[in-house]
Amino acid sequence: MPERYSLLLYCDRTNELDEYARLVRESQIPVELMVCRQPEEAQANIGKADIVFGVHLPPSVYASAPRLRWIQSMWAGVEQLLASPVAAGVIITKPHGVFGTSISHYVFGHLLAWRIKLREAMQAQAQCRWRPYHFDLLQGQRLGIAGMGDIGAEIARVGKSCGMEIWGMKRDGRPHP
């Protein structure tokens, strides 16, 4: 690889793209930064890229990337990249240990809201009416998790702390203790 790398930065969310571009520039890593906001821009610049840092880049763009050596996904899932026309030898990486906490909080926010019937309670409150209602706890419930990577493992940990019975399954279909 050359001394100065060419980095194609792509994200379809402008506010995130601007923040990532700022962070790359401030890092003072010796890269030629190509910030692409549209698939057409990415297609026009992919031939010069040694590195792609992005998410949601149309898979067909990778077919025109002769210099590409490394793809760093912004998201945990890279399955779409694995099915893309990426040349042999290109390294594909993803963030690890970044999303488990926030996604587990999101999941349990929804689970708790569902179990305690939060929507119904808020509607009753908005209508200034109170009637007793029954709601269920998470404790003692069974939680099935498909995928026991960083995110699934954190969801399992939080579920266990709520007294739930955890059933996990790995990508290959094997159960996860």
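Residues numbered from 1 in each chain as written. Predicted model: local features only at pLDDT ≥ 70, side-chain atom pairs only at ≥ 80, totals over all residues. Heavy atoms only, no water.

## Remarks on the nonpolar core
What tends to happen in soluble globular proteins is that the nonpolar side chains get buried as a cluster.
No. 1: Membership of the largest hydrophobic core comes to 18 residues, with the highest contact counts inside it found for Leu8, Ile46, Val52, Leu57, Tyr62, Leu68 and Ile71.
No. 2: In this structure, isoleucine 46 is in contact with Leu8, Val52, Val61, Ser64 and Ala65, ignoring residues within four places of it in sequence.
No. 3: If you look at the next biggest cluster of nonpolar residues, it comprises 11 residues, including Leu9, Leu17, Phe53 and Met74. (Core = buried A, V, L, I, M, F, W, Y, C linked by side-chain atoms within 4.5 Å. Buried < 20%, exposed > 50% of the residue type's maximum accessible area, 1.4 Å probe, protein only. Contact = heavy atoms within 4.5 Å.)

## Overview of the pairing of strand β4 (residues 70-73)
No. 1: For strand β3 (residues 51-54) and β4, the ladder comprises four bridges, and the chain directions are parallel. Across the sheet, residue glycine 54 finds its bridge partner in β4, namely serine 73.
No. 2: Examined bridge by bridge, β4 and strand β5 (residues 91-93) share three bridges and lie parallel to one another. Each bridged residue has a counterpart across the sheet, and for isoleucine 71 the counterpart in β5 is isoleucine 92. (Pairing = 2+ DSSP bridges. Helix = DSSP H or I, 4+ residues; strand = E, 2+ residues; numbered from the N terminus.)

## A look at the packing of aromatic side chains
No. 1: In total, this model carries three aromatic pairs according to the counting rule given.
No. 2: Seen from their ring centres, tyrosine 133 and phenylalanine 135 are 6.1 Å apart, and the 50° between their planes marks the pair as tilted.
No. 3: Here phenylalanine 135 falls in the partly exposed class, since its relative accessible area comes to 37%.
No. 4: Clustering of aromatic rings is evident, with ring pairs tying together Trp130, Tyr133 and Phe135.
No. 5: Looking at arginine 115, its charged tip hangs above the ring of tryptophan 114, at a distance of 5.1 Å from the centre. (Phe/Tyr/Trp six-rings, centres within 6.5 Å; stacked < 30°, edge-to-face > 60°. Lys NZ or Arg CZ within 6 Å of the ring centre and 35° of its normal.)

## Considerations on the environment of lysine 117
No. 1: Topologically, lysine 117 is positioned in the loop between α4 (100-115) and α5 (118-126).
No. 2: For lysine 117, a relative accessible area of 30% puts it in the partly exposed group.
No. 3: When the C-alpha positions of lysine 117 and glutamine 72 are compared, they lie 40 Å apart, and in sequence the two are 45 residues distant.

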